[in-house]
Every structure is written in C-alpha cells, then in structure tokens.
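Each chain is listed here by its residues.
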Amino acid sequence: MAQESSINRASRRTRILNNHLVQSPSDPTSCVQSNSCLSYTPPEVTESFDFETKEMRKILDFHNLEDRDWLFRVIEQGKVFNGKERGGRMFVIPDYNQTMEQQREMTMKRIEYLLERGVFDGWLMKEGVEAELKKLAFLDVIQNFDHSLAVMLGVHFFLWGGAIQFMGTKRHHDKWLRDTETFALKGCFSMTELGHGSNVRGIETVTTYDLKAGEFVINTPCESAQKYWIGGAANHATHTVVFSQLNIDGVNQGVHAFIAQIRDEDGNISPNIRIADCGHKIGLNGVDNGRIWFDNLRIPRENLLNSVADVSPDGQYLSAIKDPDQRFAAFLSPLTSGRITIATSAVFSSKVGLATAIRYSLSRRVFSATPNGPEVLLLDYPSHQRRLLPLLAKSYALTFAGNYLKMIYVNRTPGSAKTLHVVSSAFKAIFTWHNMRTLQECREACGGQGFKTENKIGHMKGEFDVQSTFEGDNTVLMQQVCKALLSEYVAAKKKNKPFKGLGLEHMNGPVPVIPSNLTSSILRSSQFQVMYCQVCNHTFSQYISKASPILCIR
Ligand SMILES: CCCCCCCCCCCCC/C=C/C(=O)SCCNC(=O)CCNC(=O)[C@H](O)C(C)(C)COP(=O)(O)OP(=O)(O)OC[C@H]1O[C@@H](n2cnc3c(N)ncnc32)[C@H](O)[C@@H]1OP(=O)(O)O
Ligand SMILES: Cc1cc2nc3c(=O)[nH]c(=O)nc-3n(C[C@H](O)[C@H](O)[C@H](O)COP(=O)(O)OP(=O)(O)OC[C@H]3O[C@@H](n4cnc5c(N)ncnc54)[C@H](O)[C@@H]3O)c2cc1C
C-alpha cells in the first residue's frame, strides 16, 4: 500500500517504533534474524510507489517545506530531543516515562535550545502572511515531536502574545511583545476558573477601578473564582493575561482582559498572588498547569488591554462597541488562532498513528488462507482495510481543510472574524474528535504491539485527549457553529435574501436529486459525494421548518 509522503514525513519519528512493532534489536521477544520468523524492512525501502511521494508531501504540507525541513534538522541535532541514530537515520521521541517534574523541566530546556537556534525570531515582531505561515509551519513540526512543547509555546506566543497583539494597543505592543519573543518574560493565559470554563461570561474574578490611585484592583472573591488549569502558571510564568468582570462605579461592564505580573524574574511569586499546582494529569505532563488567586492585586490603569474598551483616568468607561455581545466576542478572538493550530496538529497526530498501524499491517501476518500456506498480511484482510483506509482518506481530507482554514486566517480581515470563529470552532472539534477515534483504531489494529509505550500510539492518546476540551470544549464549540448557521439561515429567510456565507450558499439552489440507479461507480464519484453532502445539508431546512415557530420565521 503506497504511503503518501507526509505520513512518511510524520512517521519519520515513528520508524524506530515500527521496528519495535515488528522487530526490536533491544527486544528479545521478537525473532529478528532467523528466516523462519518475522523479518522486516521498512515498506518505503521495499515498496515502489505508484506516485511521486515528494509531490504528495508538497500538496499535504502545503507551505514552508524548506523551513520545516530546517527545523527537523535543528531538532535532530539537539541533545535535549533524545535523538537515537538507527540505520543512518536520527529518531527523536520524548521520554513520557519521566516524572511530571522532569517532563516539565525538559520542556523548558527544549524551549531554551530552540530559542538559542533562533527558531522564534519574528514570531511576534514580524507581521504579514509570510511570517505567520512560517510560525504555523514551525508549530506543526514542534507538535509532531511533542504536544506539551507545542502547547507551552502556544500559550506563550498565541494566547499571552496573541492577547497583547489583538486586544492590546501600541503601548502594550511596545512594552511586552519583544520581551515575549525573547522569553525575557514568560506569559500565560488566565481565562478559566475552577467554577467556570466554557461559560466565560460567568467567571467571578472582579476588577474595580481606584480613581485616586489610577489603578485597577483585581480580586478573587471566592474559591470557585480561582484561576484553574493555567498552562505555565505552576512553575514558570512571570506574567499573565487575566480575564475578569470589570466593575466601574458599581456597574458590571462584562469580561475584560488585564496584564498582571505573577512572578519576578527570579521566579519568586509576586505579592498579593497565590499559586498552586494542578497536579499530575493523564497526559500533557510537560506543561505546568497551575491555579492562581489574586488578593486585591493592584495594577496600573494602562494594563487594561484596551483595543475594545478603555477606562479614562477620571474613571469613565469608554467603548466604541456598544453591543455587549460584540464586545465580548472581541475579547474571545485570541482563542481563534489556537483553535486553528490545534485542528491542524490533531491531523498530524492522526497521520503518525496511521503510519504506524498501516506499516505494521504491511508486515504482520495472521492465519493462513490455505493449509500450510503462508499466513495472510493484515492489510490483505478487507476488514482491516475498512478499519484503517477510510480514516486515512479522512485524514487527507482534513489536511486539505486545515490548510484552507490556515489561509483564511493568515489573510483575515475584520469582516472575516465571524467566519473564522465558526470555521475554526467546527474544525477544532471535528479534527480532534477524528484524531482520538483514529488513534484508538490504530492502537487496536496493532494488537498487543499497539499497547507498548515505545510505539507511542498509547502515549499520543493521553497527550492529545485534552484537545477535545481545552481552547473550547468541542460540544460547546459545535453549539456555537449551530447558533451561527441558524442565525445566518433565519436572517437570510427573513430578508428573503440568498444565503451568502458559512457554507450555506449551495442551499440557494434546488435540492439535488439522487439517481435511482446507484451503481458503485456513481457512488464512488466525487460528483455524487458532493451532491450527497448537499442533500444532507438541505435536511437543515427541514429541521428549521419544524423549529420555525420558535425561530419566528415563516
Ligand atoms: C496544540 C498543538 C499544536 C498547536 C500549539 C498551539 C496551540 C495554541 C494554543 C494551545 C493552548 C492550549 C492551552 C489551553 C488554553 C485554554 O484552554 S484557554 C481557555 C479556553 N476557553 C474557551 O475557549 C472558552 C470557551 N467558551 C467560549 O468561547 C464562550 O464562552 C462561548 C461559549 C463561545 C460564548 O458563549 P455565550 O456566553 O453564549 O456567548 P454567545 O452569545 O454565543 O457569544 C457572543 C458573541 O460572540 C461571538 N463569539 C464567541 N466566541 C468568539 C470568538 N472566539 N471569536 C469571535 N466571535 C466569538 C459569538 O458568535 C456571538 O456572536 P453573535 O452570535 O453574533 O452575537
Ligand atoms: C490540560 C489543560 C490545559 C488548559 N490550559 C488552559 C490555559 O492555559 N488557560 C485557560 O484559561 N484554560 C485552560 N484550560 C481550561 C480549559 O479551557 C477548560 O477546561 C475548557 O474550557 C472546558 O471548561 P471546563 O473544564 O470548566 O468544562 P465545563 O465547561 O464545565 O464542561 C463540562 C462538560 O459540560 C458540557 N457542557 C458545557 N456547557 C454545555 C452546554 N451549554 N450544553 C451541553 N453541554 C455542555 C461540556 O461539553 C463538558 O462535557 C486547560 C484545561 C486543560 C485540561
């Protein structure tokens, strides 16, 4: 079975695992040398491909291929990446059997190494499509090695850094972005509380304005208001963006974001701050998630991220956005870039799992079809093909969709914010659910070998499971998608206008008619697949007609 090269690319680091899957020089249980038992050579050495794998990689990886290869080399050369040379190739993989403390320290050592090699140059100080695509490409490569490392960089650059970029103004950019890019400070992102995660509007941290001092006062009024799960907070972060209700003269103006220092440069916790550890997790133990309490912490008035709203020195609340919902939306926008990178990272994880399972099925033999005949290759079983190949096809499709989303993001305009929010929410949920289902199928498809930690699929299940929850719980994000589609549909119907966004456009045409003589070639044609999706989407109209009394549309 020919393998598309981005799976080979993704499986570069799994090759050692496949040897373990089928033969492990260090594993006495597998018979390696004798002819009567298993013998194995990687399929890409023995198989001829009926298409140009380098071209396939170009289509799938889509952008910054040379930058990716440069970073792969940098990682292979770094001692902190656990490189092992086998057969003239370098293989790298984190040691997930280390303690939580050791994994956390390894993450920071790897960040230091990458910083020294200039990997983060321009991540915040350079603007434009090229700079953003290079950053996204580097993140693809880094998360391919280790999710914790990617998440720590994601929190620092995309959440802390993104909040300053998109919710801050010049004074914040000038003061904080360069120190963030050089790691002179370490940022984290305090949105979630013990009592409120999905429901951001319900958070209980309260910030008031002290007119006399010209300062904000941030307070954690109760235990459920403690900031919880904050990546980087337990050991390392020096600064955080705090999301808090803003109370001016007794009027709650809703959720706003403020910059607060939580440690000094020597790592000592700041006055009026309490910090605790969230403890060991089922995965992602390379990230130090912490809990933060603010005990009437005083910060300068200038620390309000004021691109959307501001408080004047004499305590007036000012905002160009009168609609509180739209103001709230603006404070949530930094989450979008994270959701995009999580979606694309989930597909890479699916590819690594599929590379391992499909390569294994190209060598593992089970049961003979004829008395005393050779045992049958797993991938020759139709049942095994049906278990893995549809997931491979869907991973290809989601790769293309992820690249499409990246391009909307890097070419974003104020008018595309809503589309970006809806598409990134949908893709983050769909891609991460796909990844978890794919990894489970791949783990089972390798039988007992899939259960060996060195073959990584099990660890990846633990490391990536969180992607269905953080940066927006998948179920909640899909509710956002439904809400946006319904709003778009109802608005168009009420104005008797054609649909013009969110993928509803094809509903302006008639419902396609499914041919009665459905031959297998028709079923397999891309025209039929597209038509079938359109027919499914039209059921959306049937749902709406049933719900119309509630939606007040005729
Ligand atoms: C991963 C490996 C590789 C990559 C590495 C980098 C990754 C990058 C970072 C990774 C970090 C991982 C660490 C984890 C961090 C976190 O988890 S941070 C915390 C994340 N928390 C959330 O996401 C909270 C989820 N909840 C919400 O977003 C909101 O509460 C809500 C559910 C969307 C709001 O619900 P509700 O109160 O009902 O408000 P609405 O009325 O629905 O919304 C009001 C309007 O706002 C619009 N809107 C909502 N969100 C956004 C947005 N993000 N962008 C733009 N617009 C938004 C919404 O559509 C509404 O608009 P209208 O309908 O037009 O009124
Ligand atoms: C490892 C890790 C790292 C994290 N890092 C950070 C970070 O750095 N910064 C940060 O701010 N946060 C962080 N988070 C928090 C994360 O964003 C939240 O866990 C997430 O937003 C979900 O909130 P919650 O945990 O309170 O779950 P809840 O919102 O309580 O959801 C619990 C369950 O209820 C369901 N549910 C919720 N609302 C509805 C509804 N309306 N209808 C139906 N079902 C519903 C959900 O689907 C879910 O199954 C992290 C979390 C983890 C686990």
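Everything numeric here is computed off the predicted structure, so don't read it as measured data. (Residues numbered from 1 in each chain as written. Chains lettered and ligands numbered in written order. Predicted model: local features only at pLDDT ≥ 70, side-chain atom pairs only at ≥ 80, totals over all residues. Heavy atoms only, no water.)

### What to know about the overall build of the protein chain
Then, in step 1: Helix and strand content of the protein chain: 17 helices and 15 strands.
Then, in step 2: Along the three orthogonal principal directions, the C-alpha set of the protein chain runs to about 90 × 65 × 40 Å.
Then, in step 3: The burial tally for the protein chain puts 54% of its 554 residues in the buried class.
Then, in step 4: Look at the contacts in the protein chain between residues 6 or more apart in sequence, and 71% of them connect residues 24 or more apart. (Helix = DSSP H or I, 4+ residues; strand = E, 2+ residues; numbered from the N terminus. Buried < 20%, exposed > 50% of the residue type's maximum accessible area, 1.4 Å probe, protein only. Contact = heavy atoms within 4.5 Å.)

### Here we look at the site of ligand 1
Then, in step 1: What surrounds ligand 1 is a group of 37 residues, the closest being Ser198, Lys418, Glu471, Gln480 and Lys483.
Then, in step 2: The separation between a nitrogen atom of ligand 1 and a polar main-chain atom of Leu332 is 3.1 Å.
Then, in step 3: Within the side chain of Lys483, a nitrogen or oxygen atom sits 2.9 Å from an oxygen atom of ligand 1.
Then, in step 4: Taken by itself ligand 1 offers 1,300 Å² of open surface, and the protein chains cover 86% of this.
Then, in step 5: Examining the composition of the shell around ligand 1, we find that seven residues originate from one element, helix α11 (residues 334–361), more than from any other.
Then, in step 6: Both domains that meet at the shell around ligand 1, namely domain 1 (187–323) and domain 2 (335–472), each give it at least three residues. (Near = heavy atom within 4 Å. Polar contact = N/O pair within 3.5 Å; in protein donor to acceptor, adjacent residues only side chain to side chain. Areas by Shrake-Rupley, 256 points an atom, 1.4 Å probe, with all protein chains shown as cover. Domains from an automatic or database assignment.)

### Brief notes about the domain arrangement of the protein chain
Then, in step 1: Per the domain assignment, the segments of the protein chain are domain 1 (187–323) and domain 2 (335–472).
Then, in step 2: If you average the C-alpha positions of domain 1 and of domain 2, the two centres end up 36 Å apart.
Then, in step 3: With six residues of domain 1 at the interface, the matching set in domain 2 holds six residues.
Then, in step 4: A buried area of about 410 Å², summed over both sides, lies between domain 1 and domain 2, and 68% of it is on carbon and sulfur atoms. (Buried area = accessible area lost by both parts, 1.4 Å probe.)

### A closer look at the state of the cysteines
Then, in step 1: Considering all chains together, one arrives at zero disulfides under this definition.
Then, in step 2: Here Cys446 stays unpaired: no disulfide links it, and the sulfur of Cys442, its closest cysteine neighbor, is 6.8 Å away. (Disulfide = S-S within 2.5 Å.)

### So, a nonpolar patch on the surface
Then, in step 1: A cluster of nonpolar side chains, contributed by Ile514, Leu518, Leu523 and Tyr532, occupies part of the molecular surface with about 320 Å² of accessible area.
Then, in step 2: Along the chain, Leu518 turns up in the loop between α15 (474–494) and α16 (520–524). (Patch = residues over 30% accessible without salt bridge, like charges linked within 9 Å, V, L, I, M, F, W, Y side chains within 5 Å. Salt bridge = Lys/Arg side-chain N within 4 Å of Asp/Glu carboxyl O.)

### Topic: the site of ligand 2
Then, in step 1: By nearness alone, 18 residues border ligand 2, and Phe189, Thr192, Ser198, Trp229 and Asp473 come closest of all.
Then, in step 2: Between Gly231 and ligand 2, the recorded distance is 3.0 Å, taken from a backbone N or O atom to an oxygen atom.
Then, in step 3: Taken by itself ligand 2 offers 980 Å² of open surface, and the protein chains cover 64% of this.
Then, in step 4: Of all the elements in the fold, those that place two or more residues in the shell around ligand 2 are β6 (227–231) and α15.
Then, in step 5: When residues of the shell around ligand 2 are assigned to domains, at least three fall in each of domain 1 (187–323) and domain 2 (335–472).

### Structural notes on the UniProt feature "binding site: FAD" (unreviewed entry) in the protein chain
Then, in step 1: Summarizing the sequence annotation, UniProt attributes the feature "binding site: FAD" (unreviewed entry) to Thr192 and Gly231 in the numbering used throughout. These annotated residues cover 40 residues of sequence, and their C-alpha atoms lie no more than 10.6 Å from one another, placing them together at a single site.
Then, in step 2: The residue Thr192 is located in the loop between β3 (187–190) and β4 (206–210) in this model.
Then, in step 3: Looking at Thr192, the relative accessible area reads 25%, which means it is partly exposed.
Then, in step 4: Not counting chain neighbours up to four residues away, the residues in contact with Thr192 comprise Gly197, Gln226, Lys227, Tyr228 and Ile230. (UniProt positions renumbered as here; feature names shortened; annotations may be inferred.)

### A word on the UniProt feature "domain: Acyl-CoA oxidase/dehydrogenase middle" (unreviewed entry) in the protein chain
Then, in step 1: Annotation from UniProt places "domain: Acyl-CoA oxidase/dehydrogenase middle" (unreviewed entry) at residues 188–296.
Then, in step 2: In residues 188–296, the share of helix is 0% and the share of strand is 46%. The end C-alpha atoms are 20 Å apart.

### So, the sheet that holds strand β9 (residues 273–277)
Then, in step 1: The three strands are arranged β6-β10-β9 in an open sheet whose pairing can be described as antiparallel. Unpaired on one side and paired on the other, β6 and β9 mark the two borders of the sheet. In this sheet, neighbouring strand axes are inclined to one another by 35 degrees on average, regardless of whether the strands run parallel or antiparallel.
Then, in step 2: The pairing of β6 with strand β10 (residues 289–294) spans three bridges and is classified as antiparallel. What sits directly across from Ile230, in β10, is Gly290. (Pairing = 2+ DSSP bridges. Axes fitted to C-alpha atoms, helices over the stretch in contact; angles between N-to-C directions.)

### Remarks on the nonpolar core
Then, in step 1: Counting residues in hydrophobic clusters, the biggest one holds 98 residues, and the most contacted among them are Leu71, Phe81, Leu114, Phe120, Leu153, Phe243 and Phe294.
Then, in step 2: Residue contributions to this core peak at 13 residues, all from helix α8 (residues 147–167).
Then, in step 3: Residue-level mapping places this core at the junction of two domains, with at least three residues from each of domain 1 (187–323) and domain 2 (335–472).
Then, in step 4: Sequence-distant contacts of Phe243, that is, excluding residues within four places in its chain, are made with Met167, Phe189, Ser190, Met191, Glu193, Ile203, Thr205, Lys227, Val255, His256, Ala257 and Phe331. (Core = buried A, V, L, I, M, F, W, Y, C linked by side-chain atoms within 4.5 Å.)

### Some details on α8
Then, in step 1: Along α8, the helix axis deviates most sharply at Gly154, where the bend reaches about 35 degrees.
Then, in step 2: With respect to burial, α8 is a largely interior element, 19 of its 21 residues being buried. (Bend = angle between axes of the 7 residues up to and from the residue.)

### A closer look at the pairing of β4
Then, in step 1: Of the two faces of β4, only the one carrying Thr207 and Tyr209 is buried; Val206, Thr208 and Asp210 on the other face are not.
Then, in step 2: Bridge analysis of β4 against strand β5 (residues 215–219) gives five bridges, and the strand direction is antiparallel. Looking across to β5, one finds that Val206 is bridged to Asn219.
Then, in step 3: The turn joining β4 and β5, which pair antiparallel and follow one another in sequence, is formed by four residues; a positive phi near 65 degrees is taken by Gly214.
Then, in step 4: Looking at chain direction, β4 and strand β7 (residues 239–248) are connected through three bridges and run parallel. The residue bridging Thr207 from the neighbouring strand is Leu246, located in β7.

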